[in-house]
Amino acid sequence: MAIPNIRIPTRQLFIDGDWREPVKKNRLPIINPATEETIGDIPAATAEDVDIAVKAARRALRRDDWGSTTGAQRAKYLRAIAAKVQERRPELATLETIDNGKPWFEAASDIDDVVACFEYYADLAEALDSKKKTEVKLHLDSFKSHVLREPLGVVGLITPWNYPLLMTTWKVAPALAAGCAAVLKPSELASITSLELGEICREVGLPPGALNILTGLGHEAGSPLVSHPDVDKIAFTGSGPTGVKIMTAAAQLVKPVTLELGGKSPIVVFDDVHDLDIAAEWTLFGCFWTNGQICSATSRLILQDTIAPKFLDRLLEWTKNIKISDPLEEDCKLGPVISRGQYEKVLKFISTAKSEGATILYGGDRPQHLKKGYYVQPTIITDVDKSMEIWKEEVFGPVLCVKTFKTEEEAIELANDTKYGLASAIMSKDLERCERFTKAFQSGIVWINCSQPCFWQPPWGGKKRSGFGRELGEWSLENYLNIKQVTQYATPDEPWAFYKSPSKL
Ligand SMILES: NC(=O)C1=CN([C@@H]2O[C@H](COP(=O)(O)OP(=O)(O)OC[C@H]3O[C@@H](n4cnc5c(N)ncnc54)[C@H](O)[C@@H]3O)[C@@H](O)[C@H]2O)C=CC1
Ligand SMILES: NCCCC(=O)O
Ligand code: NA
């Protein structure tokens, strides 16, 4: 398919249903990571803008056109948004690619997931109408009780740059389905498509203030959003250190958070795999998809020693075959990482691994044929020790480290040897063994004979230092609902008779 040329719209902040210049009028550059060129700019929100947006969100909750909508009414908006995103798919994919650097066909597939997510949460919004009030059976006839599931309130949504519009959608779609009013702060490294979502919401007539979009820096816009006293909840996806800062700030106000943080996930490959090439391709995809910038990347290959030499040979052949190019080119399978900062961070991880005694089996530098752009070769590192940084820390780039094992016990110990707990994968023909590993893996996600497939219906999230809370599926709606207990004294004409009654008046 021809990839459309594109003009980048110049946007302001999206507040109260319209475009609004930031109070301080600052703007930030948009950089194309494939060319290192500045190709536009985005508004830079500060605390003043956050306050204006939070007030607009609160007003929306108080107005009938949003605060009193049924799930079925909200579903109409979500379906209209899905239809508009679908209409603009080629353009949104191109905007995503020039902002984030991911191959165009990956960006287009992300847009398909965005459409599916909005439609999925439209269905769940409708279904909510029949679940809003649930009776609770009591052991006493003198009381009646029921539970209400109501919108939590004004929610702050803070998202990363690796799947810009998709991570925005993972939060915005369920939040709106639940009837919340949202203030979204996308990553300053890739904000274009999230701002376009604002234009789409304006076009479909989403009631003003239901969704507000503030682009800007983490400490200037994200931090005031977390600390704002009239924001009822924060949902965050991003790095561990930032997650800690957010949780610390939210704790001052006893504000609930959901944290989808990083990972250092294992993929365990046994010598009885169905097919060496199939296992090799899943191993590549699990770490090098999205230019290696996946929170759930299976970036630690734990390989049975009996097939290690043969498997690594095949893995090298597959890796050499990866087309590294401008992400707008057909069949590009690896584009640049998001920014110069990320590029330097990834190369530093590789040089540290070398200095700690590991072997760079393949890659380890920028591709020679690309002089511009934040490109890093797909890199495979062996002779890795558990004490090394490359084994322990999330790289967030196309870097796979490898260790071998002899026994299942050793494989499980290596797989769980991480402070993170997001995902784990196992490749083996023996499904009973896969069952044993599924139980033993300390993670929120387990892949069997695959790595990374991500659907909107199952729950997504981790444990340990990968955070807590679950996104996607019906689980995500719970993030944005307040569970209210209502208990009624069913015999109001009878005295409670706990205290001695004073003499009759
Ligand atoms: N788990 C994941 O999906 C992701 C993990 N990462 C990891 O994080 C590292 C740093 O990448 P960044 O984009 O800088 O991630 P980050 O975690 O710093 O930023 C993610 C989002 O949080 C916002 N933010 C930053 N500081 C904040 C604060 N104090 N309060 C409120 N919001 C704040 C940012 O503006 C952005 O919207 C990456 O090298 C990678 O290792 C990055 C992106 C996604
Ligand atoms: N396939 C989606 C992974 C989500 C993330 O990396 O943040
Ligand atoms: Na960018």
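Residues numbered from 1 in each chain as written. Chains lettered and ligands numbered in written order. Predicted model: local features only at pLDDT ≥ 70, side-chain atom pairs only at ≥ 80, totals over all residues. Heavy atoms only, no water.

Time to look at the UniProt feature "domain: Aldehyde dehydrogenase" (unreviewed entry) in the protein chain. Per the UniProt record, the feature "domain: Aldehyde dehydrogenase" (unreviewed entry) sits at residues 19-486. For the annotated span residues 19-486, helix accounts for 41% and strand for 19% of the residues, and the straight-line distance between the end C-alpha atoms is 41 Å. (UniProt positions renumbered as here; feature names shortened; annotations may be inferred. Helix = DSSP H or I, 4+ residues; strand = E, 2+ residues; numbered from the N terminus.)

Turning next to the pattern of salt bridges. Under the defined criterion, the tally for this structure stands at 36 salt bridges. The shortest N-O distance in the salt bridge between R88 and E91 comes to 2.9 Å. The class of R88 is buried, set by a relative accessible area of 13%. On the basis of relative accessible area, E91 is assigned to the partly exposed category, the value being 23%. The partner of K171 in a salt bridge is E471, with the nearest N and O atoms 2.9 Å apart. Of this pair, K171 sits in helix α6 (residues 164-178) while E471 sits in the loop between β19 (467-468) and α16 (473-478), and the two are 300 residues apart along the sequence. Judged on exposure class, the residue K171 and its partner E471 are both buried. If you follow the salt bridges from partner to partner, you end up with R11, R88, E91, E196, E199 and R202 in one network. (Salt bridge = Lys/Arg side-chain N within 4 Å of Asp/Glu carboxyl O. Buried < 20%, exposed > 50% of the residue type's maximum accessible area, 1.4 Å probe, protein only.)

A few words now on the site of ligand 1. Close to ligand 1 lie 26 residues, the nearest being W161, K185, E188, S239 and K345. In this structure, G238 approaches ligand 1 through a main-chain N or O atom, which is 3.2 Å from a nitrogen atom. Contact distances for ligand 1 include 2.9 Å between an oxygen atom and a side-chain N or O atom of Q342. For ligand 1, whose free accessible area comes to 800 Å², the fraction covered by protein is 88%. With respect to the pocket detection grid, ligand 1 is positioned in the largest pocket. (Near = heavy atom within 4 Å. Polar contact = N/O pair within 3.5 Å; in protein donor to acceptor, adjacent residues only side chain to side chain. Areas by Shrake-Rupley, 256 points an atom, 1.4 Å probe, with all protein chains shown as cover. 1 Å grid on protein atoms, 1.4 Å probe; cavity = no way out; pocket = protein on both sides within 12 Å on 5 of 7 lines; lining within 4 Å. Sits in = over half its atoms within 2 Å of the grid points.)

A few words now on the sheet that holds strand β20 (residues 481-489). On the basis of which strands lie adjacent, the open sheet formed by three strands has the order β5-β6-β20 and antiparallel pairing. Unpaired on one side and paired on the other, β5 (133-136) and β20 mark the two borders of the sheet. Each strand of the sheet is rotated relative to its neighbour by a mean of 25°, with strand direction disregarded. Pairing of strand β6 (residues 143-151) with β20, which is carried by nine bridges, proceeds in the antiparallel orientation. Looking at the pairing, R149 lines up with I483 of β20. (Pairing = 2+ DSSP bridges. Axes fitted to C-alpha atoms, helices over the stretch in contact; angles between N-to-C directions.)

With that out of the way, let us pick up the coordination of the sodium ion (ligand 3). All of the protein donors around the sodium ion (ligand 3) are I31 (O), D99 (O), D99 (OD) and L189 (O); their distances to the metal are 2.3 to 2.8 Å. One chain supplies every donor for the sodium ion (ligand 3), spaced along it as I-x67-D-x89-L. With D99 in helix α4 (residues 89-100) and L189 in the loop between β8 (181-185) and α7 (192-204), the pair connects residues that are 90 residues apart, well separated along the chain. Its relative accessible area of 34% is what places L189 among the partly exposed residues. (Donors = N, O, S within 2.8 Å, 3.2 Å for Na, K, Ca; no water.)

Here the structure, examined in full by the defined rule, presents four cavities of 30 Å³ or more. Considering only enclosed or pocket space, the largest cavity measures out at about 70 Å³ in volume. The wall of the largest cavity is formed by G263, K264, G292, I294, C295, A297, S299, E394, V395, F396, G397 and V399. Residue composition of the lining of the largest cavity, by class: six nonpolar, four polar and two charged. By volume, the second largest cavity is sized at about 50 Å³. Around the second largest cavity sit 14 residues that line it, and P266, T418, Y420, A423 and Q442 are the ones nearest its centre. (Points joined across faces, edges and corners; volume = space filled by probe spheres on them. Nonpolar A, V, L, I, M, F, W, Y, C, P; charged D, E, K, R; others polar.)

The sheet built from seven strands is open, its strands ordered β14-β15-β16-β13-β12-β17-β18 with mixed pairing. Whereas interior strands pair on both sides, the edge strands pair on one side only; in this sheet they are β14 (359-362) and β18 (445-448). Neighbour-to-neighbour, the strand axes of this sheet turn through a mean angle of 25°, independent of strand direction. The pairing of strand β17 (residues 423-427) with β18 spans four bridges and is parallel. Looking across to β18, one finds that I426 is bridged to I448. Across the sheet, helix α10 (residues 276-288) lies against β12 (266-269), β13 (300-304), β15 (379-382), β16 (399-405) and β17, angled at about 135° from β16, the strand it touches most. (Contact = heavy atoms within 4.5 Å.)

Turning our eyes to something else, we now look at the site of ligand 2. Taken together, the residues surrounding ligand 2 are N162, Y163, M167, W170, W289, I294, C295, C454 and W460. Contact distances for ligand 2 include 3.0 Å between an oxygen atom and a side-chain N or O atom of N162. Between ligand 2 and the protein, one listed contact pairs an oxygen atom with a backbone N or O atom of C295 at 2.8 Å. If ligand 2 stood free it would expose 250 Å²; the protein chains cover 99% of that surface. Within the shell around ligand 2, the residues separate by chemical class into eight nonpolar, one polar and no charged. Taken domain by domain, the makeup of the shell around ligand 2 includes at least three residues from each of domain 1 (14-21 + 35-261 + 466-487) and domain 2 (266-448). (Domains from an automatic or database assignment.)

A few words on unusual backbone geometry. At F396, a residue that is not glycine, the phi angle is positive and equals roughly 60°. Here F396 shows up in the loop between α13 (389-392) and β16. Of note in the backbone geometry, A497 takes a positive phi value of approximately 60° without being a glycine.

It is worth spelling out the environment of I213 at this point. Checked against the element boundaries, I213 lands in strand β9 (residues 211-213). Using a relative accessible area of 0% as the deciding quantity, one classes I213 as buried. Linking I213 and K185, residues 28 residues apart in sequence, is a C-alpha distance of 6.2 Å. If near-sequence neighbours (up to four positions away) are discounted, I213 is found in contact with L13, F14, L184, P186, S194, L195, L197 and G198.

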